[in-house]
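Topology and contacts: notes
Spelled out from the first residue to the last, the chains are:
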Amino acid sequence: MGVGIILGILVWGIVGSCTRFFVLQTPETGMFEGMVAGVWAAWPFFHHGRVQRYNFLHPVPRRYKVPLKQAFAKIRQIIGEKSYNFGDKWHVSTADTMQRRITATLKFTEEESQGFEGTNMANIRHKTQRVQRLLELDVQMKEEPNDTTVVQFDFRPRVEGVAFHACDSIIAGIVNDAEAALGPGTDAGSAADTSLPAPPWWLIGLGALGVLGLWGDVMKAVFG
């Protein structure tokens with residue numbers, strides 16, 4: 001997504017400037033056309049990043065050669081024993097062997113950088129702010145023949161501030177610990193497809209507005 005933002009801004013500036021100076025040759029024109037081109041250039045990266053994010057928060061279910069009761073007990077133990085920062089722990093709200101489901105929440109605060117402040121070089125200081133994090137976890141399991149269990153993790157992070165990936169290391173840690181405890185598993189499904197689909201209607205509509213805007217500016221420049 002960062003690449004998409006940078007590329008979109010570059011395309012916006014280049015297309016807008018070229019449209020203004022080489023096509024329309026009139027002041028205060030070309031910026032809307034450049035913005036439309038920038039959005040079109042950034043959209044594939046945003047789509048890919050959004051799908052990747054979904055696959056990270058909702059990883060593909062994994063199939064393990066472990067009986068359901070044993071898998072449930074090991075994952076429940078991992079969640080119960082995990083501790084972060086200075087003792088922040090998961091709060092398990094559901095651990096139901098009949099429903100084969102575990103739900104838990106993790107709340108904690110962190111210091112996040114807010115840049116620097118000060119009136120001169122002598123008193124510049126680093127500014128930080130305490131921000132809250134909330135991570136919700138839902139684990140569902142399905143029993144299969146031959147003492148095999150399918151495990152599905154779903155995570156829902158909510159963070160204050162600008163560190164949108166603040167909980168990512170915790171998510172990766174839980175998934176990796178489960179894999180280590182249950183042994184090598186195999187995928188029991190497929191990840192969301194990252195290939196580029198047809199452009200959405202809102203993007204097509206924006207492109208049409210860009211073409212109409214360019215046509216209108218050309219008419220003004222010619223018949224002005």
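Just above sits the structure.
Residues numbered from 1 in each chain as written. Predicted model: local features only at pLDDT ≥ 70, side-chain atom pairs only at ≥ 80, totals over all residues. Heavy atoms only, no water.

Looking at the pattern of salt bridges
Two side chains with opposite charge may pair up if their charged atoms get near one another. Put simply, the rule is: By salt bridge we mean one thing: a side-chain nitrogen of Lys or Arg within 4 Å of a carboxyl oxygen of Asp or Glu. Under the DSSP-based scheme used, a helix requires at least four consecutive residues in state H or I and a strand at least two consecutive residues in state E, with every element numbered from the N terminus. Accessible area is worked out with a 1.4 Å probe on protein chains only. A residue is then buried under 20% of its type maximum, exposed over 50%, and partly exposed in between.
By the definition in use, this model includes ten salt bridges. For arginine 53, the salt bridge is made with aspartate 168, and the minimal N-O distance between the two is 2.8 Å. You can see arginine 53 sitting in helix 2 (residues 31–57) and its partner aspartate 168 sitting in helix 4 (residues 168–182), a full 115 residues away along the chain. The shortest N-O distance in the salt bridge between glutamate 179 and arginine 62 comes to 2.7 Å. Taken as a pair, glutamate 179 in helix 4 and arginine 62 in strand 1 (residues 62–64) lie far apart in primary sequence, 117 residues in all. Judged by relative accessible area, glutamate 179 falls into the partly exposed class, the value being 23%. You can call arginine 62 partly exposed: its relative accessible area is 22%. Connected via shared salt-bridge partners are Arg62, Glu179 and Asp187.

Overview of helix 2
We apply this condition: One less than the residue count of a helix, multiplied by 1.5 Å, gives the span that helix is expected to have. The angle between axes fitted to the seven-residue stretch ending at a residue and the seven-residue stretch beginning at it gives the bend at that residue.
In this model helix 2 runs 37 Å from its N-terminal to its C-terminal C-alpha over 27 residues, within 8% of the 39 Å that 1.5 Å per residue would give. Largest kink in helix 2: about 35 degrees, centred on alanine 42, with the proline proline 44 one to four residues after it.

Notes on the nonpolar core
Our working definition: In this description, a nonpolar core means a group of buried Ala, Val, Leu, Ile, Met, Phe, Trp, Tyr and Cys residues linked to one another through side-chain atoms lying within 4.5 Å. By definition in these notes, contact holds between two residues if any of their heavy atoms fall within 4.5 Å.
Residues Ile75, Trp90, Val139 and Phe153 are the most contacted members of the largest nonpolar core, which totals 28 residues. Secondary-structure elements contributing two or more residues to this core are helix 3 (68–81), strand 5 (101–117), strand 6 (125–144), strand 7 (148–159) and helix 4. If you tally residues by element for this core, the top one is helix 3, at six residues. Ignoring sequence-local partners within four residues, the contact set of valine 139 consists of Ile75, Ile79, Arg100, Arg101, Ile102, Val151, Gln152 and Phe153.

Things to note about the packing of helix 2 against helix 4
The line we're drawing: Only the stretch in contact is used when fitting a helix axis, every axis being a line fitted to C-alpha atoms; angles between N-to-C directions are given from 0 to 180 degrees. The scheme is simple: roughly parallel for angles under 35 degrees, roughly antiparallel for over 145, roughly perpendicular for 65 to 115, oblique for anything else. Side-chain classes are defined by residue name, with Ala, Val, Leu, Ile, Met, Phe, Trp, Tyr, Cys and Pro counting as nonpolar, Asp, Glu, Lys and Arg as charged, and the others, Gly among them, as polar.
For the pair helix 2 and helix 4, interaxial distance at closest approach is 10 Å and the crossing angle is 50 degrees. When the axes of helix 2 and helix 4 are compared, the pair comes out oblique. Side by side, helix 2 and helix 4 meet where Arg53, Phe56 and Leu57 of the first sit next to Asp168, Ile171 and Ala172 of the second. For the contact of helix 2 with helix 4, the per-class residue count stands at four nonpolar, no polar and two charged.

Quick notes on a nonpolar patch on the surface
The condition is simple: Patches here: salt-bridge-free residues with over 30% relative accessible area, like charges joined within 9 Å, nonpolar side chains (Val, Leu, Ile, Met, Phe, Trp, Tyr) joined within 5 Å. With residues, only the protein chains shown are counted as cover, and all accessible areas are computed by Shrake-Rupley using a 1.4 Å probe.
A cluster of nonpolar side chains, Ile6, Leu10 and Ile14, forms an exposed patch at the surface whose accessible area comes to about 310 Å². Following the sequence through the fold, leucine 10 ends up in helix 1 (residues 2–24).

Side note on the packing of helix 3 against helix 4
So the rule is basically this: Two helices crossing with the near one rotated counterclockwise from the far one by less than a right angle form a left-handed crossing, whereas a clockwise rotation gives a right-handed crossing.
The interhelical angle for the contact between helix 3 and helix 4, taken along N-to-C directions, is 140 degrees, at an axis separation of 10 Å. Here helix 3 is positioned oblique relative to helix 4, judged by the angle of their axes. Note that helix 3 runs across helix 4; the crossing there is right-handed. In contact with Ala71, Lys74, Ile75 and Ile78 of helix 3, helix 4 contributes Ile174, Asp177, Ala178, Ala181 and Leu182. Among the residues making up the contact of helix 3 with helix 4, the classes are represented as seven nonpolar, no polar and two charged.

What to know about unusual backbone geometry
Located in the positive-phi region is asparagine 146, a residue other than glycine, with phi close to 65 degrees. Relative to the helices and strands, asparagine 146 resides in the loop between strand 6 and strand 7. Classification of asparagine 146 by relative accessible area gives exposed; the value is 61%. Non-glycine residue aspartate 147 carries a positive phi angle of around 55 degrees. Mapped onto the elements, aspartate 147 comes out in the loop between strand 6 and strand 7.

Points about the environment of isoleucine 102
Inspection of the secondary structure puts isoleucine 102 in strand 5. Each C-alpha atom of the pair isoleucine 102 and methionine 141 lies 8.8 Å from the other, and the pair is 39 residues apart in sequence. If near-sequence neighbours (up to four positions away) are discounted, isoleucine 102 is found in contact with Phe72, Ile75, Arg76, Ile79, Val92, Thr94, Ala95, Leu137, Asp138, Val139 and Met141.

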